[in-house]
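Next come the chains, spelled out residue by residue.
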Amino acid sequence: MTKPYDQNNIFARIIRGEIPCHKVYEDEHTLAFMDVMPQARGHVLVVPKYAAIELTDMPADYLSAVFATAQKVIAAQRQVLHRQGVVQMQLSGADAGQSVFHYHIHLIPAHVHELAAHESQSADQADLAKLAGQLRAALDSNNAQPD
Ligand code: DGP
């Protein structure tokens with residue numbers, strides 16, 4: 001770990017329910033929610049419910065849980081946003097541009113050349129709420145499908 005984990009970082013507080021988010025999905029090990037500074041419409045973050053800053057801090061069981069959630073979210077993004085391409089991004093460390101020091105993977109339904117600059121624009125909250133509702137509905141419906 002590059003520096004001590006801060007239990008009061010913004011994503012730890014979101015996981016504890018102290019700060020609101022536009023929730024897309026939650027299970028025992030992970031939470032997915034809308035990014036408030038999206039690099040494209042439909043930008044979702046997936047976080048583990050584990051005190052890790054970056055990839056090298058993550059135990060394998062939580063990594064696997066994060067990626068299992070990412071698979072579900074990507075399927076829902078493709079249905080709701082009608083975009084097949086999804087950029088998966090994870091910034092490990094301040095030198096890479098990480099600004100929130102709780103591990104998270106960005107899932108951005110866009111071509112890489114379309115991305116807005118990182119943290120350059122705030123989303124419309126009403127649009128985030130609408131998208132989160134649509135993504136939750138798609139996830140619920142996919143979950144209800146028989147294998
Ligand atoms: P990174 O630089 O990889 O640590 O990205 C942090 C992302 O988190 C960035 O895209 C903006 C987003 N973000 C920052 N603060 C908040 C917040 O309070 N709520 C939500 N939903 N997203 C946030």
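That block above? That's the structure.
Cut-offs used in this document
Residue positions are given per chain, counting from 1 as you read along its sequence in written order. A pLDDT threshold of at least 70 governs which residues receive local features in this predicted model, and a stricter bar of 80 or more applies before side-chain atom pairs are shown or counted, although totals over entire chains, interfaces and linings include all residues. Computation of side-chain values covers all heavy atoms of the structure but excludes hydrogens and water. Definition of nearness: a residue and a molecule or strand are near each other if at least one heavy atom of the residue lies within 4 Å of the molecule or strand. Two N or O atoms form a polar contact when they lie within 3.5 Å of each other; inside protein one atom must be a possible hydrogen donor and the other a possible acceptor, and for residues adjacent in sequence the pair counts only when both atoms belong to side chains. What sets the accessible areas is the Shrake-Rupley method with a 1.4 Å probe; for residues, cover comes only from the shown protein chains. Helix numbers and strand numbers start at the N terminus; a helix is a DSSP run of H or I with at least 4 residues, a strand a run of E with at least 2. Amino acid classes used here: Ala, Val, Leu, Ile, Met, Phe, Trp, Tyr, Cys and Pro are nonpolar; Asp, Glu, Lys and Arg are charged; the rest, including Gly, are polar. Working rule for helices: expected span equals 1.5 Å times residues minus one. Residue burial is assigned from relative accessible area. The probe radius is 1.4 Å, only protein chains are included, and a residue is buried under 20% of its type maximum, exposed over 50%, and partly exposed in between. Our arc is simply the arc of the directions from the helix axis toward the C-beta atoms. It only takes one pair of heavy atoms within 4.5 Å for two residues to be counted as in contact.

Glancing now at the site of the ligand. The environment of the ligand is made up of 17 residues, and the closest members are M34, D35, S99, H106 and H118. Within the side chain of D35, an N or O atom sits 2.5 Å from an oxygen atom of the ligand. Here the ligand has 520 Å² of accessible area as a free molecule, and 91% of this is covered by the chains. Elements supplying a minimum of two residues to the shell around the ligand: α1 (10–15) and β2 (30–34). The greatest single-element share of the shell around the ligand, amounting to three residues, is contributed by α1. In the shell around the ligand, the residues fall into nine nonpolar, six polar and two charged.

Along its 20 residues, helix α3 (residues 125–144) runs 29 Å from first to last C-alpha, staying within 8% of the 28 Å computed at 1.5 Å per residue. Where α3 is concerned, the buried positions are L128, L131, A132, L135, A138 and L139. In an axial view of α3, the angular spread of the buried residues amounts to 130 degrees, which keeps them on one side of the axis. Those residues of α3 that are exposed and angled more than 90 degrees off the buried face are A126, D140 and A144. On its buried face, α3 is in contact with β1 (23–26), β2, β3 (44–48) and α2 (60–81).

What is shown is where atoms sit, not what they do.
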